[in-house]
Amino acid sequence: MTAITPDTIQWNDLGFSYIDTGKSFRAYFKDGQWSEGQIESSKYISISEASPVFHYGQSCFEGLKAYRTQNGDIQLFRPDKNADRMIDSAERLLMEPYPKEAFIEAVHKIVKENAEWVPPYESGATLYIRPFLMGVGDIVGVKPADEYIFSIFVTPVGPYFKGGLKPANFLISDYDRAAPNGTGAAKVGGNYAAGNLAGKLAKDQGYADAIFLDPATKTKIEEVGSANFFAITADNRFITPKSPSILPSITKYSLIDIARERLGMEAVETDVYLEELSGFSEAGAMGTAAVITPIGSIVHGEHRYVFGNGQEVGSVTQRLYSELVGIQFGDVVAPEGWIQKVKLG
Ligand SMILES: Cc1ncc(COP(=O)(O)O)c(C=O)c1O
């Protein structure tokens, strides 16, 4: 098979899958200090078979995107928030965090190096950026590593849930993604391994993904696959689950601000009970990958909750989407500090 290059790639046809761009960023933590990170050309990483990442799941990661604007610039959306969250995730697993300023610098560097892979404006595609951190070295007993690798790869992606702003249908899972005082608020590999079965069962039945309930009482909505949940209430409030076991989504906090400041809505993080679902006029999933994916319906056992007519995006969701995506692609003025331009020269 011939390798895909920026000249042969079909930008309008991209899914959410991996393409090797040939340049990754890597830094190594050994003897108590981080090496200066550098660009490496291989997608392969050679590490000890005894590395804690393999056995004890000592891994965390991030996901953000680079956007091509109408005038050809490349910009990042709130990478400082990803840096902060990765430090929180690392500390939860007793890993050596990669310093915030170095993280932001590394993201700029890897995007600049891969600038030709940032999809054109209006292709609907973006460059997905995947920073990750793992515990490596020769460890057999259950304990944190002494050595770490921080790496970033990038890959051009299309939409995560196909169909753009077409509502998708979700199935509530009987499985839990994370325990009440577990690692649900950290972006750690184990959460995703634990959620795969629920996702598969939902997809096998034709749903876009699984929705997880709160593990303690099973009465509240928590996560929508790998995105946060929001709903628009009958009295036009934006509500989203407040829980210690969901990932604090950067898209969520951005949409709370957009709903308040730009749409003049009340926006709150609160418990979202299953029994309230039938009263919502709109619902959606939000995240870097999902962007905003409207939810047409949610199935829970015998019940099917439909939002709007279940077929078309609601008007509030549409406005939230236009503001968010407009900011990300540089068409709408961004709140102070949300956008960082990647210097290409
Ligand atoms: C479990 C989970 N929830 C929510 C999100 C959305 O977070 P963000 O908006 O920061 O991408 C993600 C994706 O990163 C996720 O994996």
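Residues numbered from 1 in each chain as written. Predicted model: local features only at pLDDT ≥ 70, side-chain atom pairs only at ≥ 80, totals over all residues. Heavy atoms only, no water.

**Details of the UniProt feature "modified residue: N6-(pyridoxal phosphate)lysine" (unreviewed entry) in the protein**
The cut-off we apply is this: UniProt positions are given in the numbering used here, feature names are shortened, and annotations may be inferred rather than shown by experiment. Helix numbers and strand numbers start at the N terminus; a helix is a DSSP run of H or I with at least 4 residues, a strand a run of E with at least 2. Burial status follows relative accessibility: with a 1.4 Å probe on protein chains alone, a residue under 20% of its type maximum counts as buried, one over 50% as exposed, and anything between as partly exposed. Only heavy atoms matter for contacts: two residues are in contact if any of them lie within 4.5 Å across the pair.
Those residues carrying the UniProt feature "modified residue: N6-(pyridoxal phosphate)lysine" (unreviewed entry) are Lys187 in this numbering. Relative to the helices and strands, lysine 187 is located in the loop between strand S9 (168-172) and helix H4 (189-204). A relative accessible area of 10% places lysine 187 in the buried class. Setting aside its immediate chain neighbours within four residues, lysine 187 contacts Cys60, Phe61, Glu62, Gly63, Arg85, Ser89, Tyr192 and Leu247.

**Let's talk about unusual backbone geometry**
One non-glycine residue with positive phi stands out, namely arginine 78, at about 50 degrees. Looking at the secondary structure, you find arginine 78 in the loop between strand S6 (74-77) and helix H2 (79-92). Exposure remark for arginine 78: the relative accessible area of 10% places this residue in the buried category. Positive phi values are uncommon outside glycine, yet lysine 218 reaches one of about 55 degrees. Summarising the element assignment, lysine 218 is placed in the loop between strand S10 (209-213) and strand S11 (221-224).

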